[in-house]
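Overview (structure and organization)
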Amino acid sequence: MSKLHTRILVDADVVAFRAASVAEPEVIEWEPGVPTEVDTDVSKAYDAADHLVSQITSEVYGDIIMVGSDVANFRKALNPSYKSNRKGRTLPRYLADVHAHLASNFRYESWTNLEADDVIGIMSNPEYYSAETIIVSPDKDFFTLPGRSIWRIWTKEESLGIQTVSDADANLRLFEQILTGDAVDGYKGINRVGPKTAKKWLAEWTDHWVESSGSDVYDDGFYQFLWHCVRCAYARAGVPDEAFTNAWMARILRGPDEYREEDGWVRIWEPTMGVG
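Judged by nonpolar contacts, the single largest core of 29 residues is most densely connected at Phe175, Ile178, Leu179, Trp205, Leu226 and Val230. Going through the elements one at a time, helix H6 (167-180), helix H7 (195-213), helix H8 (220-236) and helix H9 (242-250) are the ones with two or more residues in this core. If one sorts the elements of this core by residue count, H8 sits on top with nine residues. Once residues lying within four places of it in the same chain are set aside, the contact partners of Phe175 are Leu202, Tyr223, Leu226, Trp227, Val230 and Val275.

Right, here's the structure in full:
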């Protein structure tokens, strides 16, 4: 991968979790059947974090910006079940320490009420930064952001290098996620609708739009039509209101007009805004 000078937006949540997990206490049986927990030093987590960052800087060159999530999350106010499946999960002991380590060594951004994904979605918008940006994260959800350049490091796609997402691909991925939900984040889509069915429906709806409109341009009218189809699908499933709920859960904030840094206000998506 050729080196680029740009702003590199790194998903600090992933870096911190991976690095802190390396330094979890070890359980050793000094005697058979007598397990003993042996602490590891926090420096092991710091070293792991530095190694992960070096994997990034060895391939891309630019201004590293670490982006972490706030404790508060506007989605939980809209849907209390959002990520509720993670309650009770034991987090790595040195997770907060690694975040602090990253913040002391790099520019670090964490905004009130937002997940790292949302901050990255806003900061990677050309209206926020005129400079080119690269998103570095294994999270596939970033492929719902139109026009962004993404490197899915630490995945099977890492060798593909930096991938740029077209507006159409990003928006169709978003509609797919609204239909299927996201089990990892704890919100369900339409019952028994997985990626295969969602893609099939979206292809059929797209064909219908092209045939009826005589246009293959994916403009606001097209996306309003898809949203109408999505709402109808949820209505047929007997849960019409969940179309909006899932749209709020799935859609990463995309621009600076959707958030106010001074007080953490979030502009909640509605159809009149278009997909953005």
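Following the structure, the description resumes.
For any two aromatic rings, the description comes down to two numbers: the centre-to-centre distance and the angle of the planes. Taken as a whole and judged by the stated rule, the model has 13 aromatic pairs. Considering the side-chain rings of Trp227 and Phe244, the 5.2 Å spacing of their centres and the 75° angle between planes classify their relative orientation as edge-to-face. Here Trp227 is found in helix H8, whereas its partner Phe244 is found in helix H9, with 17 residues between them in sequence. Residue classification places Trp227 among the buried positions, given a relative accessible area of 5%. A connected cluster of aromatic rings, assembled from ring pairs, spans Phe175, Trp209, Tyr218, Phe222, Tyr223 and Phe225. The cationic tip of Arg7 hangs over the ring face of Tyr129; the distance from NZ or CZ to the ring centre is 4.0 Å.

The next thing to look at is the state of the cysteines. The final tally for this structure, using the stated rule, is zero disulfides. Free cysteine Cys229: the closest other cysteine sulfur is in Cys232, separated by 6.5 Å.

On to the packing of H7 against H8, then. Running from N to C, H7 and H8 cross one another at 130°; their axes reach a closest spacing of 10 Å. Considering the angle they form, H7 stands oblique to H8. The chirality of how H7 crosses H8 is right-handed. Of the residues in H8, those in contact with Trp201, Leu202, Trp205, Thr206, His208 and Trp209 of H7 are Gly221, Phe222, Phe225, Leu226, Cys229, Val230 and Ala233. Residues that form the contact of H7 with H8 fall into these classes: ten nonpolar, three polar and no charged.

So, how was this worked out
Residues numbered from 1 in each chain as written. Predicted model: local features only at pLDDT ≥ 70, side-chain atom pairs only at ≥ 80, totals over all residues. Heavy atoms only, no water. Core = buried A, V, L, I, M, F, W, Y, C linked by side-chain atoms within 4.5 Å. Buried < 20%, exposed > 50% of the residue type's maximum accessible area, 1.4 Å probe, protein only. Helix = DSSP H or I, 4+ residues; strand = E, 2+ residues; numbered from the N terminus. Contact = heavy atoms within 4.5 Å. Phe/Tyr/Trp six-rings, centres within 6.5 Å; stacked < 30°, edge-to-face > 60°. Lys NZ or Arg CZ within 6 Å of the ring centre and 35° of its normal. Disulfide = S-S within 2.5 Å. Axes fitted to C-alpha atoms, helices over the stretch in contact; angles between N-to-C directions. Parallel < 35°, antiparallel > 145°, perpendicular 65-115°, else oblique. Left-handed = near helix turned anticlockwise from the far one by under 90°. Nonpolar A, V, L, I, M, F, W, Y, C, P; charged D, E, K, R; others polar.

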